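Coordinate analysis (summary)
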Amino acid sequence: IPFVVQGFVRNMPEWMAAADVLITKAGPGTIAEAFIAGLPLVLNGLVPGQEEGNVTYVVDNGAGVWEPEPERIAARLAEWLGPGAAALRQMAEASRRLGRPGAARAIADEVMRLLKPPAA
């Protein structure tokens, strides 16, 4: 299976658009970006306490799995990327449904609305 490993990149949306699956720790920003891209997730690490709920959210909503062991990640990818790939397609659909591409704009608009002084 061809793959590319990158360090820090400035064009993450393009990389996510080209990917079939994302292996990452359970950081909320990366998860949100993966949802917008409709990427199934393999979560393999987390910050204890702070990101545990993110794992639960992804798994409970069918958008990915928790696999902290490299051998299990490889087995899961072989299963998902093999013939049929029904599980991968289902998780991609679940991920896409969870995406909120306009969320940052909506939050900024709400903050601005709250900051406006009341009409006299």
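Check the entry above for the structure.
Now for a description of the structure that goes with this document. What you see is a predicted model, and the numbers here were worked out from it, not measured in a lab.

1. Overview of the overall build of the protein
Looking only at helices and strands, one finds 6 helices and 3 strands in the protein. Going residue by residue from the N terminus, the α and β elements of the protein occur as α-β-α-β-α-β-α-α-α. Taken over C-alpha atoms, the radius of gyration comes to 17 Å for the protein, far larger than the 14 Å a tight globule of 120 residues would show. A principal-axis box enclosing the C-alpha atoms of the protein has dimensions of 65 × 30 × 30 Å. Residue burial in the protein is summarised as follows: out of 120 residues, 31% are buried. Accessible surface, the protein as shown: approximately 8,100 Å² in total, 60% of it carbon and sulfur. Of note, the protein has its 11 positive side-chain charges centred 8 Å away from the centre of its 13 negative side-chain charges.

2. Quick look at the side chain of Glu 67
Inspection of the secondary structure assignment puts Glu 67 in the loop between β3 (64-66) and α4 (70-80). Looking at Glu 67, its side chain comes within polar contact range of the side chain of Arg 76, at 2.6 Å. Once you skip the residues sitting within four places of it in the chain, Glu 67 turns out to touch Val 42, Leu 43, Asn 44, Arg 72, Ile 73 and Arg 76.

3. Here's the deal with a nonpolar patch on the surface
Together, Ile 107, Val 111, Met 112 and Leu 115 line one region of the surface with nonpolar side chains, adding up to about 420 Å² of accessible area. Among the structural elements, Val 111 can be located in helix α6 (residues 103-115).

4. Focus: the pairing of strand β2 (residues 41-45)
Here β2 lies mainly inside the structure; 4 of its 5 residues are buried. Across 4 bridges, the pairing between strand β1 (residues 22-25) and β2 is parallel. Bridge assignment links Leu 22 to a residue of β2, and that residue is Leu 41. The β-α-β motif built from β1, the intervening helix α2 (residues 28-37) and the parallel element β2 has right-handed crossover chirality. The sheet contact formed by β2 and β3 spans 3 bridges and is parallel. Each residue of the ladder has a partner; that of Leu 41, found in β3, is Gly 64.

Reading the values: the criteria
- Residues numbered from 1 in each chain as written.
- Predicted model: local features only at pLDDT ≥ 70, side-chain atom pairs only at ≥ 80, totals over all residues.
- Heavy atoms only, no water.
- Helix = DSSP H or I, 4+ residues; strand = E, 2+ residues; numbered from the N terminus.
- Rg over C-alpha atoms; globule rule 2.2 N^0.38 Å.
- Buried < 20%, exposed > 50% of the residue type's maximum accessible area, 1.4 Å probe, protein only.
- Areas by Shrake-Rupley, 256 points an atom, 1.4 Å probe, with all protein chains shown as cover.
- Lys, Arg positive; Asp, Glu negative; His and termini not counted.
- Charge placed at Lys NZ, Arg CZ, Asp CG, Glu CD.
- Polar contact = N/O pair within 3.5 Å; in protein donor to acceptor, adjacent residues only side chain to side chain.
- Contact = heavy atoms within 4.5 Å.
- Patch = residues over 30% accessible without salt bridge, like charges linked within 9 Å, V, L, I, M, F, W, Y side chains within 5 Å.
- Salt bridge = Lys/Arg side-chain N within 4 Å of Asp/Glu carboxyl O.
- Pairing = 2+ DSSP bridges.
- Right-handed = clockwise from strand over helix to strand, strands pointing away.

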